[in-house]
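Listed here are the chains, written in short residue letters.
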Amino acid sequence: MNVQFVAAVEEIPEGQRKIVQVGKRSVGIFNIRGKYYALLNYCPHYGAELCKGLVSGTTMESHVYEFIYGKDQEIIRCPWHGWEFDIKTGCSLFDEQVKAKRFEVIVQDGQIGLILGAQSKRE
Ligand code: FES
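Report on the accompanying structure. Small disclaimer: the values here were computed from a predicted structure and weren't measured.

Quick notes on the rules
- Note on numbering: residues in each chain are counted from 1, in written sequence order.
- Given that the model is predicted, a residue must reach a pLDDT of at least 70 before its local features are reported, and side-chain atom pairs must reach 80 or more before they are shown or counted; all residues, however, enter totals for whole chains, interfaces and linings.
- Each side-chain value is worked out from all heavy atoms of the structure, with water and hydrogens disregarded.
- We call Phe, Tyr and Trp rings a pair once their centres come within 6.5 Å, taking the six-membered ring for Trp, and we label the pair stacked below 30 degrees between planes, edge-to-face above 60, and tilted otherwise.
- Strands here mean DSSP runs of E at least two residues long; helices mean DSSP runs of H or I at least four residues long; both are numbered from the N terminus.
- Only protein chains enter the accessibility calculation, which uses a 1.4 Å probe; a residue is then buried when its area is under 20% of its type maximum, exposed when over 50%, and partly exposed in between.
- Strand pairing is defined by DSSP finding a minimum of two bridges between the two strands.
- Orientation is described by axes fitted as lines to C-alpha atoms, over the contacting stretch for helices, and by angles from 0 to 180 degrees between their N-to-C directions.

The way to describe two aromatic rings as a pair is by their centre distance and the angle between their planes. One pass over the full model with this rule turns up one aromatic pair. For the ring pair Trp 83 and Phe 94, a centre distance of 4.9 Å and an interplane angle of 70 degrees mean the geometry is edge-to-face. Here Phe 94 lies in the loop between strand 7 (84-86) and strand 8 (102-108) and Trp 83 lies in the loop between strand 6 (69-77) and strand 7, a separation of eleven residues in the sequence.

Turning to the pairing of strand 3 (residues 25-32), a few remarks are in order. Burial within strand 3 is extensive, with seven of its eight residues counted as buried. Hairpin connection between strand 2 (residues 17-22) and strand 3: a loop of two residues separates the two successive antiparallel strands, and Gly 23 in this loop has a positive phi of roughly 60 degrees.

One open sheet accounts for three strands, arranged 5-6-7; its pairing is antiparallel. Each having just a single partner strand, strand 5 (54-59) and strand 7 make up the two edges of the open sheet. Averaged over all pairs of adjacent strands, the angle between strand axes in this sheet comes to 55 degrees, irrespective of strand direction. Pairing of strand 6 with strand 7, which is carried by three bridges, proceeds in the antiparallel orientation.

On to the environment of Glu 96, then. Relative to the elements of secondary structure, Glu 96 occurs in the loop between strand 7 and strand 8. Sequence separation between Glu 96 and Asp 86 is ten residues, and the spatial gap between their C-alpha atoms is 9.6 Å.

Strand order in the open sheet formed by six strands is 1-9-8-4-3-2, and the pairing between neighbours is antiparallel. The open sheet has two free edges, formed respectively by strand 1 (2-8) and strand 2, since each of these has just one partner strand. Averaged over neighbouring strand pairs, the angle between their axes works out to 30 degrees when direction is ignored. Relative to strand 4 (residues 35-40), strand 3 is paired through six bridges, and the arrangement is antiparallel. The residue bridging Ile 29 from the neighbouring strand is Ala 38, located in strand 4.

Set out below in C-alpha cells:
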C-alpha cells in the first residue's frame, strides 16, 4: 500500500478543502462533516480544475412540486461548464458512469494520507 501523507487534519477544517500536489497530480482533499475525501483536480469533461469549483448540495428525488435539498457539502460543480460530481463517490449527478477520479484517504497520527495505486471503492 503506497500512502502519501499530504496534510495535517488541522489544515482542513470541516466544510473546507485543500488542493495538494502529489507528484504530477493535483488532488483536492475535502472535509465533509469530519470525514476526508479526495478527488483528482481534473474534470473528465475538458480538464478544468474541478476541485476549485463551488461546493454545495443538490435537489433530491421528490414528488412533483416538492423541493428537497440534500447532500449538503457533498457536491462539487466544475467551474467551467457546471458538471456536478458527488465528492464521496466521484460520480457525476447526470450519469454514474461519468466519474471524477477519486482516491482512498486514511488518517493516521493527525496526518491525512492518500492511498495511491489502488482502485478506489465507491461508497
Ligand atoms: S471541463 Fe468540467 S464541466 Fe466542462
